[in-house]
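Observations on the three-dimensional arrangement
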There are 4 protein chains.
Amino acid sequence: MIRVAVFGAAGYIGGEVLRLLLGHPETEVTAAVSSRFPGKRVDSVHPNLRSATDLTFCDAEQVTECDVVLLATPHRSAMALVRQWASRTELLIDLSGDFRLRDADAYKRYYGVAHEAPELLDSFVPGIPELHRDELRTARLISVPGCMATAGLLALRPPAARRLIASRVLVDGRTGSSGSGATAGEGNLHAERSGAMRVFAPVAHRHEAEIAQHTGLDVRMTATGVEAVRGVQVVCHTELAPGADHRAVRAAYREAYSDEPFIRMVSHKRGVYRYPEPKILLGSNFCDIGHAADEGSDRLVVIAALDNLVKGGAGNAVQCLNVRMGWPESYGLSFPGLHPM
Amino acid sequence: MIRVAVFGAAGYIGGEVLRLLLGHPETEVTAAVSSRFPGKRVDSVHPNLRSATDLTFCDAEQVTECDVVLLATPHRSAMALVRQWASRTELLIDLSGDFRLRDADAYKRYYGVAHEAPELLDSFVPGIPELHRDELRTARLISVPGCMATAGLLALRPPAARRLIASRVLVDGRTGSSGSGATAGEGNLHAERSGAMRVFAPVAHRHEAEIAQHTGLDVRMTATGVEAVRGVQVVCHTELAPGADHRAVRAAYREAYSDEPFIRMVSHKRGVYRYPEPKILLGSNFCDIGHAADEGSDRLVVIAALDNLVKGGAGNAVQCLNVRMGWPESYGLSFPGLHPM
Amino acid sequence: MIRVAVFGAAGYIGGEVLRLLLGHPETEVTAAVSSRFPGKRVDSVHPNLRSATDLTFCDAEQVTECDVVLLATPHRSAMALVRQWASRTELLIDLSGDFRLRDADAYKRYYGVAHEAPELLDSFVPGIPELHRDELRTARLISVPGCMATAGLLALRPPAARRLIASRVLVDGRTGSSGSGATAGEGNLHAERSGAMRVFAPVAHRHEAEIAQHTGLDVRMTATGVEAVRGVQVVCHTELAPGADHRAVRAAYREAYSDEPFIRMVSHKRGVYRYPEPKILLGSNFCDIGHAADEGSDRLVVIAALDNLVKGGAGNAVQCLNVRMGWPESYGLSFPGLHPM
Amino acid sequence: MIRVAVFGAAGYIGGEVLRLLLGHPETEVTAAVSSRFPGKRVDSVHPNLRSATDLTFCDAEQVTECDVVLLATPHRSAMALVRQWASRTELLIDLSGDFRLRDADAYKRYYGVAHEAPELLDSFVPGIPELHRDELRTARLISVPGCMATAGLLALRPPAARRLIASRVLVDGRTGSSGSGATAGEGNLHAERSGAMRVFAPVAHRHEAEIAQHTGLDVRMTATGVEAVRGVQVVCHTELAPGADHRAVRAAYREAYSDEPFIRMVSHKRGVYRYPEPKILLGSNFCDIGHAADEGSDRLVVIAALDNLVKGGAGNAVQCLNVRMGWPESYGLSFPGLHPM
């Protein structure tokens, strides 16, 4: 069994990492670090893990030898932990935003502070099995992208890579409340957040930089919080490049994703669930992608959906771990999602 | 115009008091007191009041002369304000729990602290127009009951007063999240509170003492938080008293409530909304009451629903004010509720 | 009192028309027509109207003389009613889609059938007080725009009219479930519709034609159903025209809307409700509009929100009626919305 | 691999049976019967099964040889299928209400029609592993109890069997919308069902007869639909029997359930999830049970929660199948539930 230490284990992503690793046939969680709740039972914070574990949270200082370090800590606080652990562990997977952007200036612009370990930025392999599977097999440092970024880059990469779409793309992201974390604030009080259609980032959402980095496109993003706890959806508005057609777009997706275990193409003419929708993906590691053409115009709309805490975070990290360790990619990730929901 | 000062104006009940008074033809809000947000615009906290008012919150010390003082402050903090204002104003209406129970010992038991002004308890008239309309006409101190208490006592009083039901009643209360106030906490974070069926008081909820006080019954209460922002429903489980029958129960309600402007009897054999349900009452001052008999048994189930912030708080206070001032009882309270919702 | 006959009174828009007219000081509902429920009490379908009315639904044939005819019937079925009533009533207000597009070909394209009364299309005044107030004062036929169309055209008209924005605009509309009406179907079953982020019109939503017609822009629309019963939000993505700047945009809105009773400009740097959001508008006739600029780029994002059944339908119709009759514009429309919600 | 034919496979319970059997290491679904959708792909109705199966629905006549027949058809329609299949298959598991009550008269009373196969009622073993594990090992006919019935009987059996509680119990059940099935109706339209607190059975809910049958108690039930798609909670109000105390109650639960794989005792003094709550159980086969005592009184409140489609239906059926086949009881049922949710 591979021994994994999870930092930030009391957060929502951290809890999801624990759930997945506890159900994984090859991993053992040897430390669940929480600065807020040291000594408290893990299942007192994550009640779905009752009977699944007797672990208690520990302090960062109590973490001893382990094979893998997984960071699910807030943005900005991962940098120090990476410095501390990068050389002491076989594999470090960071789920924060700190090592997602290759460019320290972009980090400053989007995160508002200077990067503390710019020299390490190049050492991280992006945690995107669909794009970096080979590099992940030998990676020592992995940075898992943001939830809406994952949806957006998986949605746009195939046609972008084949230059089938215009360079400028508008990404409209919608997200549930778990994306803002487990810390109470005025804006995520139930009475305020419930039933919201809240444009919290009309322009310049952080994830646009990540999507741009992985697709080469000029990405402009708007983000809205809608009524949901889990789940993210992006609607990407773009146009066919001169000379491209919708058939080529379909072929690009088929080519890129037909063998991918966690990507499903979803565009139906009939039925209730015609395009990707997060609610049937909750708990699963799938990213569903669909696209629609505007007859008689060059407009192309690409839609992607995923569970922000799974394929948009913890599940993606576990998939990367599986790739890195040479295990079947679906280990620990077999839950298909629920219907109705 | 009657000048009203509202304390606790940044809370949810306080905001609803403001909304109702701003739409009231005879009142003027001269002070909106908030210890948290002095100097801030009222509509920055209550965005539904944008364009309805230019008021800013003020400190308690800034409140000058006024005709009516309305306290929408948290439990325990109203006692000091009552001492301070009782003699300085024509009318004081307290929406907190501090002067609801006539018995200081019961206050200690249910609120966990000793009462600071026990000598004033008897001076308060209960803010229940349906039961105390005459006393309210000349009241100087009014204490508005709790939200689930209002639903429960209005549901049970008619058959209880006529001794048509057994003395022991079980009241199952369900409430939306606004009942726990505008202050963020772990339990009312959207991701935690959303979709809840949370039994937060399996036994001994405070409001059972109020219902007992106003009905003379032995009341046992259980309270559950369900998915909703506004709205309270109580389901009262009781039995017919020996010799009583369901016809007498119906007559009791008719007699008690047929002239009440804000009570509606709702028990239908068909349709979607057969029994009282809060969602169609949101924003309105109605309390809907229905009852059902178990054929061939003595079981009687009484159901009541209301908007916890209106008939369960601010609206009831305004209705009391209308009674006290001799105005039409529906002044400021004419909104009927929405469907669908 | 003006006598109003409401057709389609059992639908969601029809119910809202009834609610507003029953609370209106100058109107009397003399007929509530429903082909599905003739003879049934109105409040058995619209339970919020219990105690507000004793009306029963009637058949279309039973409608006798009246001053105003209000059609809240489904698209396609209003055409015959307009033919029948246009000459028999002082004023007809149509809330369906049948007379919104001036161009019969566009109607065919977006509604899938040929228009049955193309000769009447030009006789209708658009039911948009903000754009057509003067014409409305003498109108005999009024066609109220669609819910997302209203939000979109009010959002875009001021900068479009002053040529401050690019001609091509992308409108991302989000809507609650009441927009699809009161008739049960597979897709609006609670278990299927709940928690949805459902892109039901990735391209070519009908309302894009209306927004285009009223702004002169080339509008492309995408529509998504999100978790809500009431409420519509549009996010309009556009760019400044060459030479235009954000200050001119702000001035355009100020000039167009500073005297409008039901438009509020909402763009805040801080707070929970920084941009327009429908949940605090439910039941109210407001359309909130906000805009955001992307620093260092020409991108402009305009956001608008309203209650689809009120400003997006019934409330707008009543506002038009008020204008037409020379009554104060806010008659029957004074409800400000609720917070929290 | 054991071959299973699922009747009623397009319903919500049927879909959940498919999900669980498709993830089960020892079963193969050889027929998914739907009278509504023969020939249609299973994943067009249950979109969570995309990529999990290529099955299409078939007609009942197309079902050939199989080892197990699983009926997830509506009440009343299972009787004919049982007659037809009882002798043709090694094992039949019925999820409808048709064979839950041992008494044909009770069936008539609660289901409104005469039972068509009363002679078979005694042949069914109740599908409750916690109470009938030994009989299930050799059962040929199994009848899985109703969702709220399962919660209620598991909650009450331990103290009832040891005569620690009064014979009369009041069960307050709350349920999500999936309990009323996948067929659209006026009452489960999203706009009507959303945010509901709908007392649909103030007295005499069917499941009370089942709880009575399995506990020997005199059970009175009230059922309310609350805002949720999945999930059931029962709150059982009772009293200690003379001479009993709360310690004995705790011991009774410990004795009955400490080795049960899918029952967890949940009663905490602190934290957000102090008592059983369905939202963290969605998709899982757990039934959480907690109890609370009223200090200084004999009142006992027992709370149970489960996912109505899993432990309240399909999961319980799979657990029975596992018991019957001698497989590990958790086969196919290892999903722990999600947090947050």
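Scoring rules and cut-offs
- Residues numbered from 1 in each chain as written.
- Chains lettered and ligands numbered in written order.
- Predicted model: local features only at pLDDT ≥ 70, side-chain atom pairs only at ≥ 80, totals over all residues.
- Heavy atoms only, no water.
- UniProt positions renumbered as here; feature names shortened; annotations may be inferred.
- Helix = DSSP H or I, 4+ residues; strand = E, 2+ residues; numbered from the N terminus.
- Rg over C-alpha atoms; globule rule 2.2 N^0.38 Å.
- Buried < 20%, exposed > 50% of the residue type's maximum accessible area, 1.4 Å probe, protein only.
- Contact = heavy atoms within 4.5 Å.
- Lys, Arg positive; Asp, Glu negative; His and termini not counted.
- Charge placed at Lys NZ, Arg CZ, Asp CG, Glu CD.
- 1 Å grid on protein atoms, 1.4 Å probe; cavity = no way out; pocket = protein on both sides within 12 Å on 5 of 7 lines; lining within 4 Å.
- Points joined across faces, edges and corners; volume = space filled by probe spheres on them.
- Nonpolar A, V, L, I, M, F, W, Y, C, P; charged D, E, K, R; others polar.
- Axes fitted to C-alpha atoms, helices over the stretch in contact; angles between N-to-C directions.
- Parallel < 35°, antiparallel > 145°, perpendicular 65-115°, else oblique.
- Left-handed = near helix turned anticlockwise from the far one by under 90°.
- Pairing = 2+ DSSP bridges.
- Buried area = accessible area lost by both parts, 1.4 Å probe.
- Salt bridge = Lys/Arg side-chain N within 4 Å of Asp/Glu carboxyl O.
- Polar contact = N/O pair within 3.5 Å; in protein donor to acceptor, adjacent residues only side chain to side chain.
- Least-squares fit on C-alpha atoms with pLDDT ≥ 70 in both.
- Phe/Tyr/Trp six-rings, centres within 6.5 Å; stacked < 30°, edge-to-face > 60°.
- Lys NZ or Arg CZ within 6 Å of the ring centre and 35° of its normal.
- Patch = residues over 30% accessible without salt bridge, like charges linked within 9 Å, V, L, I, M, F, W, Y side chains within 5 Å.
- Areas by Shrake-Rupley, 256 points an atom, 1.4 Å probe, with all protein chains shown as cover.
- Right-handed = clockwise from strand over helix to strand, strands pointing away.

As recorded in an unreviewed UniProt entry, chain A goes by the name N-acetyl-gamma-glutamyl-phosphate reductase, listed as coming from Actinacidiphila oryziradicis. A UniProt comment under Function (unreviewed entry) is attached to chain A, and it reads "Catalyzes the NADPH-dependent reduction of N-acetyl-5-glutamyl phosphate to yield N-acetyl-L-glutamate 5-semialdehyde." The annotation that UniProt attaches to chain A under Sequence similarities (unreviewed entry) is "Belongs to the NAGSA dehydrogenase family. Type 1 subfamily."

Structural notes on the overall build of chain A
When its secondary structure is counted, chain A shows 10 helices and 13 strands. The C-alpha atoms of chain A give a radius of gyration of 19 Å, which matches the 20 Å a tight globule of 341 residues would have. By principal-axis analysis of the C-alpha atoms, chain A measures approximately 65 × 45 × 40 Å. Sorting the 341 residues of chain A into buried and exposed places 67% on the buried side. For chain A, contacts bridging at least 24 residues in sequence account for 69% of all contacts bridging at least 6. The centroid of the 37 positive side-chain charges in chain A is displaced by 4 Å from the centroid of its 39 negative side-chain charges.

Some remarks on the side chain of T53(C)
Tracing the chain through its elements places T53(C) in the loop between α2 (42–45) and β3 (68–71). Contacts of T53(C), omitting those with residues within four sequence positions, involve L22(C), R41(C), V42(C) and D43(C).

A short note on empty space enclosed by the protein
Here the structure, examined in full by the defined rule, presents 5 cavities of 30 Å³ or more. Its boundaries defined by the atoms lining it, the largest cavity holds a volume of some 1000 Å³. Along the walls of the largest cavity sit 44 residues, with E227(A), S194(B), E227(B), E227(C) and E227(D) positioned nearest its centre. Of the residues contributing to the lining of the largest cavity, the split by class is 23 nonpolar, 9 polar and 12 charged.

Remarks on the packing of helix α6 (residues 147–161) of chain B against helix α8 (residues 207–215) of chain B
Geometrically, a packed helix pair is captured by the angle between its two axes and the distance between the axes. Residues and elements named next belong to chain B. Close contact between α6 and α8 brings their axes to 9 Å; oriented N to C, the two are set at 30°. It follows from the interaxial angle that α6 and α8 lie roughly parallel. Relative to α8, the crossing made by α6 is right-handed. Seen from α6, the contacting residues are C147, M148, A149, G152, L153, L156, R157 and A160; seen from α8, they are H207, E210, I211, H214 and T215. Of the residues belonging to the contact of α6 with α8, the class tally is 7 nonpolar, 4 polar and 2 charged.

Quick word on the sheet that holds strand β7 (residues 168–175) of chain B
Residues and elements named next belong to chain B. Pairing is mixed across the open sheet formed by 7 strands, whose spatial order is β8-β9-β7-β10-β13-β12-β11. Both outer strands of the open sheet, β8 (197–201) and β11 (263–265), are each paired with one neighbouring strand and no more. The average undirected angle you get between the axes of adjacent strands in this sheet is 20°. Summarising the sheet, strand β12 (residues 287–293) and strand β13 (residues 299–306) pair through 7 bridges and their orientation is antiparallel. Note that in β13 the partner of A293 across the bridge is L300. The sheet strands contacting α8 are β7 and β9 (218–226), and the helix crosses β9 at an angle near 140°.

Quick notes on the interface of chain C and chain A
Chain C puts 50 residues into the contact, and the matching count from chain A is 50 residues. Summed over both sides, the interface between chain C and chain A buries roughly 3900 Å², with carbon and sulfur atoms accounting for 55% of that surface. Residue E239(C) is joined to R168(A) by a salt bridge in which the shortest nitrogen-to-oxygen separation is 3.4 Å. Summed over the shared surface of chain C and chain A, the result is 28 residue pairs in polar contact (both at pLDDT 80 or more). The set of elements that each furnish at least two residues to the side of chain C that touches chain A consists of β7 (168–175), α7 (190–193), β8 (197–201), β9 (218–226), β10 (232–239), β12 (287–293) and β13 (299–306) of chain C. In terms of residue count, the dominant contributor to the side of chain C that touches chain A is β9(C) (5 residues). Tallied by class, residues from the side of chain C that touches chain A come to 24 nonpolar, 11 polar and 15 charged.

As for the interface of chain D and chain C
Facing 17 residues of chain D, the contacting portion of chain C comprises 17 residues. Taken together, the two surfaces of chain D and chain C that pack against each other cover about 1400 Å², and 61% of this comes from carbon and sulfur. Taken together, the links from chain D to chain C amount to 0 salt bridges. If you look at where chain D meets chain C, you find 8 residue pairs in polar contact (both at pLDDT 80 or more).

Regarding the relation of the copies chain C and chain A
Turning chain C through 180° and shifting it by 0.0 Å along the axis lays it on chain A, with an RMSD of 0.0 Å. Taken together, these values place the two copies in the relation of a two-fold axis. Considering only C-alpha atoms, the part of chain C nearest the rotation axis is E227(C), at 2.8 Å. Both copies contact each other with a shared surface, as 100% of the interface residues of chain C are interface residues in chain A too.

Brief notes about the sheet that holds strand β1 (residues 2–7) of chain C
Two pairing modes exist for strands in a sheet, parallel and antiparallel, and in both the strands are linked by backbone hydrogen bonds. Residues and elements named next belong to chain C. Strand order in the open sheet formed by 6 strands is β2-β1-β3-β4-β6-β5, with parallel pairing between adjacent strands. The strands lining the two open edges of the sheet, one partner per strand, are β2 (27–33) and β5 (125–126). Of the strand pairs in this sheet, β5 and strand β6 (residues 141–143) are connected by 2 bridges, and their pairing is parallel. Looking across to β6, one finds that V125 is bridged to I142.

What to know about the UniProt feature "domain: Semialdehyde dehydrogenase NAD-binding" (unreviewed entry) in chain A
When the UniProt feature table is mapped onto this chain numbering, "domain: Semialdehyde dehydrogenase NAD-binding" (unreviewed entry) sits at residues 3–139 of chain A. Secondary structure content for residues 3–139 of chain A is 28% helix and 16% strand, while the C-alpha to C-alpha distance between its ends is 17 Å.

Observations concerning the packing of aromatic side chains
Using the criterion set out here, one finds 26 aromatic pairs over all chains in the structure. Here F37(A) and F57(A) contribute two aromatic rings whose centre-to-centre distance is 6.4 Å and whose plane-to-plane angle is 40°, an arrangement assigned as tilted. Residue F37(A) is located in the loop between β2 (27–33) and α2 (42–45), and its partner F57(A) is located in the loop between α2 and β3 (68–71); the two are separated by 20 residues in the primary sequence. Both residues of the pair, F37(A) and F57(A), count as buried. We note R198(C) situated over the ring of Y273(A); from NZ or CZ to the ring centre the distance is 4.7 Å. A cation sits over an aromatic face here: R264(C) above F286(C), 3.8 Å from the ring centre.

Some details on helix α1 (residues 12–22) of chain B
When you tally the buried positions in α1(B), you get 9 out of 11 residues, the bulk of the element. Residues Y12(B), G14(B), G15(B), E16(B), V17(B), L18(B), R19(B), L20(B) and L21(B) constitute the buried set of α1(B). The inward-facing, buried residues of α1(B) contact α7 (190–193) of chain A together with β1 (2–7), β2 (27–33), α2 (42–45), β3 (68–71) and α10 (310–325) of chain B.

Details of a positive patch on the surface
All names here are of chain A. Among the surface-exposed residues, R247, R250, R254, K269 and R270 lie close enough to one another that they form a single positively charged patch. Counting through the fold element by element, K269 comes out in the loop between β11 (263–265) and β12 (287–293). Overall, the relative accessible area of 74% leaves K269 in the exposed class.

As for the UniProt feature "active site" (unreviewed entry) in chain A
Residue and element names in this part refer to chain A. UniProt's feature table lists "active site" (unreviewed entry) at C147, given in the numbering used throughout. Its place among the elements puts C147 in helix α6 (residues 147–161). Filtering out sequence-adjacent residues up to four positions away, C147 remains in contact with H207, V232, L306, N308 and G312.

A few points about the environment of R41(A)
All names here are of chain A. Residue position: R41 is located in the loop between β2 and α2. Here R41 falls in the partly exposed class, since its relative accessible area comes to 35%. Distance from R41 to L55, taken between C-alpha atoms, is 6.1 Å for residues 14 residues apart in sequence. Setting aside its immediate chain neighbours within four residues, R41 contacts T53, D54, L55, T56 and F57. Only 3.5 Å separates the side chain of R41 from the backbone oxygen of T53, close enough to count as a polar contact. Within the structure, R41 has its side chain in polar contact with the side chain of D54 (distance 3.1 Å).

A short note on the side chain of E260(C)
On the secondary structure map, E260(C) appears in the loop between α9 (246–257) and β11 (263–265). Reaching out from E260(C), the side chain makes a polar contact with the side chain of R133(C) at a distance of 2.7 Å.

Quick word on the pairing of strand β4 (residues 91–94) of chain C
Residue and element names in this part refer to chain C. Burial along β4 is two-sided: L91 and I93 facing one way and L92 and D94 facing the other are all buried. Bridge count for β3 against β4 is 4 bridges, and the pairing is parallel. Residue pairing across strands places V68 opposite L91, the latter belonging to β4. Handedness of the crossover joining β3 and β4 through helix α3 (residues 78–85) is recorded here as right-handed. Here 3 bridges tie β4 to β6, and the two strands are oriented parallel to one another. The residue bridging L92 from the neighbouring strand is L141, located in β6.

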